[in-house]
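Below, each chain spelled out in residue letters.
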Amino acid sequence: MMCQKGFQYGRWGNPTRNNLEGCLAAIENGKHALTFATGCAATWSMLSILKNGDHLLCAFDVYGGTLHLMKMVAEEKGIDLEFFDAGNLNEFEKLLKPNTRMVWFEITTNPMCKVVDAKRLAEISHKRPGVLVVTDNTFMSPYFLKPLNLGVDIVMHSMSKYLNGHSDVIMGLLVLNDDNVHIKLRDIQHHGGAVPGPFDCYLALRGLKTLAIRMKQHMANGIQLANHLKKNPRIEQVFHPGLPDHPDHDLLKKQASGYSGMLAFTIKGAGEKETSKFLKALKLVTYAGSLGGCDSLAEAPGSLSHKYLSEEEKRKVGITDNLIRCSVGIEEVEDIINDVDQALEAAFKN
Ligand SMILES: *Cc1c(COP(=O)(O)O)cnc(C)c1O
């Protein structure tokens, strides 16, 4: 029995959360959206529908926290967790088993900014019945790419990043079309209770109003910084799929209408010391491990965002001591470029 106006207790829902979820379902072109207290709570809720003995396939270069959580849950519940290379879908196909229940990947990888062919990956996975294909769309945002349109079953987001966009909210999201899976996940949301508070939902709704304008600026600034870095003799390599010579450029153009402000680069001849000096010399750009806010951030994945990876895992992903990941913000691009240039010089001064 419903109480007055359909709201009886805040864990089940409140008008602001319902409005936010309606808005998020619409922008990801899905039927149902569920918000969670954090991105990791959304991931954990998703993993909760797996049972002992189920096979879970996860791309090896996903967000470090996701990797950690998957290993933890798999060990606790006796889930058969296996990692795959989302850049090699022929090999991926061979890994699917009769008990495969879930495939997890990120459409653009972290921190190397490779692009995954989501449509093909979903098609291959769906050759087997009962496989849920889940993608973390945090790096792209629905402004540039809506994975449900490509045949993916469930879209996950850390809304703490581009969707909220102001680095002042921690929140997670799942969007899907399937009614039965939605009921299961909604029960986990209601009874597990990892829900966002109404004020955070209000802030996220405020952030969404400027999603389009922010994403356009992130993209324009990211491409300009990438092009500038390519010409700087201090730089070894720039990783940005929006550049025409990036190996995944055509794939990006085929499946997305643009790209966010995420890029990575390596500093020529830099070891741990010079990399750290570079980060500390930045003035406008903040040395921090998050991403997707209005302010530009930079970090070294090897010592911050991906420090929990083993040396072998780092090698496999391509993380070296001189690798910098940058979340390019929406400031005046000249200011960002000048700051990065001066910090590159400072990294090699005594
Ligand atoms: C930050 C992040 C997460 C985790 O989300 P939280 O909101 O920090 O819990 C998951 N995936 C990606 C790609 C992220 O960047």
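Residues numbered from 1 in each chain as written. Predicted model: local features only at pLDDT ≥ 70, side-chain atom pairs only at ≥ 80, totals over all residues. Heavy atoms only, no water.

- The chain has the name Gamma-cystathionase in an unreviewed UniProt entry, where Cloeon dipterum is given as its organism.
- In its Sequence similarities (unreviewed entry) section, the UniProt entry covering the chain states "Belongs to the trans-sulfuration enzymes family."
- If you open the UniProt record of the chain and go to Cofactor (unreviewed entry), you find "pyridoxal 5'-phosphate". (UniProt positions renumbered as here; feature names shortened; annotations may be inferred.)

1. A short note on the overall build of the chain
Then, number 1: If you tally the helices and strands in the chain, you get twelve helices and twelve strands.
Then, number 2: Projected onto the principal axes, the alpha-carbon positions of the chain cover approximately 70 × 45 × 35 Å.
Then, number 3: Per-residue burial for the chain yields a buried fraction of 54% across its 350 residues.
Then, number 4: In the chain, once contacts between residues fewer than 6 apart in sequence are set aside, the share between residues at least 24 apart is 73%.
Then, number 5: Here the chain displays about 15,300 Å² of accessible surface, and carbon together with sulfur accounts for 53% of that area.
Then, number 6: Looking at the chain, you have 39 positive and 40 negative side-chain charges, and the mean spots of the two groups are 2 Å apart. (Helix = DSSP H or I, 4+ residues; strand = E, 2+ residues; numbered from the N terminus. Buried < 20%, exposed > 50% of the residue type's maximum accessible area, 1.4 Å probe, protein only. Contact = heavy atoms within 4.5 Å. Areas by Shrake-Rupley, 256 points an atom, 1.4 Å probe, with all protein chains shown as cover. Lys, Arg positive; Asp, Glu negative; His and termini not counted. Charge placed at Lys NZ, Arg CZ, Asp CG, Glu CD.)

2. Quick word on the site of the ligand
Then, number 1: Contacts to the ligand come from Thr38, Gly39, Cys40, Tyr63, Glu106, Asp136, Thr138, Ser158, Ser160, Lys161, Met171 and Leu291.
Then, number 2: Between the ligand and Ser160 there is a distance of 2.6 Å, counted from an oxygen atom to a side-chain nitrogen or oxygen.
Then, number 3: With the chains in place, 93% of the 380 Å² that the ligand exposes on its own is no longer accessible. (Near = heavy atom within 4 Å. Polar contact = N/O pair within 3.5 Å; in protein donor to acceptor, adjacent residues only side chain to side chain.)

3. Some words on the pattern of salt bridges
Then, number 1: Going through the model one piece at a time under the given rule, you end up with twelve salt bridges.
Then, number 2: Lys31 is paired through a salt bridge with Asp179; the nearest N and O atoms lie 2.8 Å apart. Placement of Lys31 in the loop between α1 (15-27) and β1 (32-36) and of Asp179 in helix α6 (residues 179-192) is noted, with a sequence separation of 148 residues between them.
Then, number 3: Residue Asp245 is joined to Lys230 by a salt bridge in which the shortest nitrogen-to-oxygen separation is 2.9 Å. On the criterion of sequence distance, the pair formed by Asp245 in the loop between β8 (235-239) and α9 (249-255) and Lys230 in helix α8 (residues 211-231) is long-range, its members being 15 residues apart.
Then, number 4: We classify Asp245 as exposed; its relative accessible area is 54%. (Salt bridge = Lys/Arg side-chain N within 4 Å of Asp/Glu carboxyl O.)

4. Some words on the side chain of Glu28
Then, number 1: Looking at the secondary structure, you find Glu28 in the loop between α1 and β1.
Then, number 2: As a buried residue without a salt bridge, Glu28 has its nearest oppositely charged side chain in Lys146, at a separation of 6.1 Å.
Then, number 3: Leaving out residues up to four positions away in the same chain, Glu28 has contacts with Asn137, Pro142, Leu145, Lys146, Pro147, Leu148, Val155, His157 and Val175.

5. Digging into the packing of helix α2 (residues 39-48) against helix α3 (residues 64-77)
Then, number 1: Here α2 crosses α3 at 30 degrees, and the two axes come no closer than 11 Å. In terms of orientation, α2 lies roughly parallel with respect to α3. For the pair α2 and α3, the sense of crossing is right-handed. Residues Cys40, Thr43, Trp44, Leu47 and Ser48 of α2 form the contact with α3, whose participating residues are Thr66, Leu69, Met70, Val73 and Lys77.
Then, number 2: A per-class count over the contact of α2 with α3 returns six nonpolar, three polar and one charged. (Axes fitted to C-alpha atoms, helices over the stretch in contact; angles between N-to-C directions. Parallel < 35°, antiparallel > 145°, perpendicular 65-115°, else oblique. Left-handed = near helix turned anticlockwise from the far one by under 90°. Nonpolar A, V, L, I, M, F, W, Y, C, P; charged D, E, K, R; others polar.)

6. Section: unusual backbone geometry
Then, number 1: Between Asn110 and Pro111 the backbone carries a cis peptide bond, its omega angle lying at 5 degrees.
Then, number 2: When you line up the elements, Pro111 lands in the loop between β4 (100-106) and α5 (118-125).
Then, number 3: Of note, the phi angle at Ser141 is positive, near 70 degrees, even though the residue is not glycine.
Then, number 4: Structurally, Ser141 can be placed in the loop between β5 (132-136) and β6 (154-158).
Then, number 5: Under the relative-accessibility criterion, Ser141 is labelled buried at 1%.

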